[in-house]
Amino acid sequence: MPNLRTLQAELLNDNRITFDEVNKIKAHIESDGQLDHEDVKFLVELMSNAESVCPEFDRLFFPALRAVLLEDGKIGLDEQYQLLRMLYADGHVRDSEKQFIQDLYHSVDERTPEFEELCETAMGSPAKDWCTGGRAFGSSADASA
């Protein structure tokens, strides 16, 4: 198995995750016999850097993410960070991501105020052209600065 950076570069050489690449991804995350946070980080990074992903990737990604995130019944700050990357790093919030967040919200044993806010914000986010805070780029305030 190639090292992680080599594999990631190979998978994202066309900025897409295709059906044919899903088996390579699956082999990588199953290579040590257990799903863990490092696998989740790898999957989130792949998805965040891809311009498009195939449905087969979603069928691998969301169950793996769910299993690791719900391992202890709560969503901690490091796990929330991975969720934020999943949602916003690629420039659009897909319907499948919103569905995942909704499912996760109802599945978690313990909800922190931060996790509740993350979920509420994600569910209210438009697919594109959302703002993560601060002033909008290109606003009149930018012009006078």
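Further up the page is the structure itself.
A brief structural summary. (Residues numbered from 1 in each chain as written. Predicted model: local features only at pLDDT ≥ 70, side-chain atom pairs only at ≥ 80, totals over all residues. Heavy atoms only, no water.)

Another aspect to go through is the overall build of the chain. Counting its regular elements, the chain contains eight helices and two strands. Secondary structure elements of the chain, listed N to C terminal, follow the sequence α-β-α-α-β-α-α-α-α-α. Within the chain, the proportion of its 145 residues that are buried is 39%. Counting only contacts in the chain whose residues sit at least 6 apart along the sequence, the fraction spanning at least 24 positions is 67%. Per element, the accessible surface of the chain, about 8,500 Å² overall, is 49% carbon and sulfur. (Helix = DSSP H or I, 4+ residues; strand = E, 2+ residues; numbered from the N terminus. Buried < 20%, exposed > 50% of the residue type's maximum accessible area, 1.4 Å probe, protein only. Contact = heavy atoms within 4.5 Å. Areas by Shrake-Rupley, 256 points an atom, 1.4 Å probe, with all protein chains shown as cover.)

Looking now at the pattern of salt bridges. Using the criterion set out here, one finds eight salt bridges in the structure. The partner of Arg59 in a salt bridge is Glu56, with the nearest N and O atoms 3.3 Å apart. Pair noted here: Arg59 and Glu56 are both in helix H4 (residues 55-69), with a separation of three residues, about one helical turn. Overlapping salt bridges, with partners in common, bring together Asp58, Arg94 and Glu97 in one network. (Salt bridge = Lys/Arg side-chain N within 4 Å of Asp/Glu carboxyl O.)

We note that Asn15 has phi near 65°; this positive angle belongs to a residue other than glycine. Among the structural elements, Asn15 can be located in the loop between helix H1 (4-11) and strand E1 (16-17). Taking the relative accessible area as the measure of exposure, Asn15 reaches 32% and is therefore partly exposed.

Now for the packing of aromatic side chains. Throughout the structure, instances matching the rule amount to four aromatic pairs. Considering the side-chain rings of Phe57 and Phe61, the 5.5 Å spacing of their centres and the 15° angle between planes classify their relative orientation as stacked. In this pair, Phe57 and Phe61 are both assigned in helix H4, four residues apart and thus about one turn of the helix distant. Seen from the ring of Tyr105, Arg111 lies directly overhead, with NZ or CZ sitting 3.9 Å from the centre. (Phe/Tyr/Trp six-rings, centres within 6.5 Å; stacked < 30°, edge-to-face > 60°. Lys NZ or Arg CZ within 6 Å of the ring centre and 35° of its normal.)

Judged by nonpolar contacts, the single largest core of 39 residues is most densely connected at Phe57, Leu83 and Met86. Of all the secondary structure elements, the ones that give two or more residues to this core are H1, helix H2 (19-30), helix H3 (37-49), H4, helix H5 (77-88), helix H6 (95-107) and helix H7 (113-124). The dominant element in this core, judged by the number of residues it contributes, is H4, at eight residues. (Core = buried A, V, L, I, M, F, W, Y, C linked by side-chain atoms within 4.5 Å.)

When the terminal C-alpha atoms of H4 are compared, their 21 Å separation across 15 residues agrees well with the 21 Å that a helix rising 1.5 Å per residue should span. Within H4 the residues assigned to the buried category are Phe57, Asp58, Leu60, Phe61, Phe62, Ala64, Leu65, Val68 and Leu69. Buried residues in H4 make contact with E1, H2, H3, strand E2 (52-53), H5 and H6. (Expected span 1.5 Å × (residues − 1).)

Moving on to the side chain of Ser48. Its location among the elements puts Ser48 in helix H3. Within polar-contact distance, the side chain of Ser48 engages the backbone oxygen of Val44 at 2.8 Å. When sequence neighbours within four positions are dropped, the list of residues in contact with Ser48 reads Arg85, Met86, Ala89 and Asp90. (Polar contact = N/O pair within 3.5 Å; in protein donor to acceptor, adjacent residues only side chain to side chain.)

This paragraph deals with a negative patch on the surface. Together, Glu71, Asp72, Asp109 and Glu110 make up a negatively charged patch on the protein surface. One can find Glu71 in the loop between H4 and H5. (Patch = residues over 30% accessible without salt bridge, like charges linked within 9 Å, V, L, I, M, F, W, Y side chains within 5 Å. Lys, Arg positive; Asp, Glu negative; His and termini not counted. Charge placed at Lys NZ, Arg CZ, Asp CG, Glu CD.)

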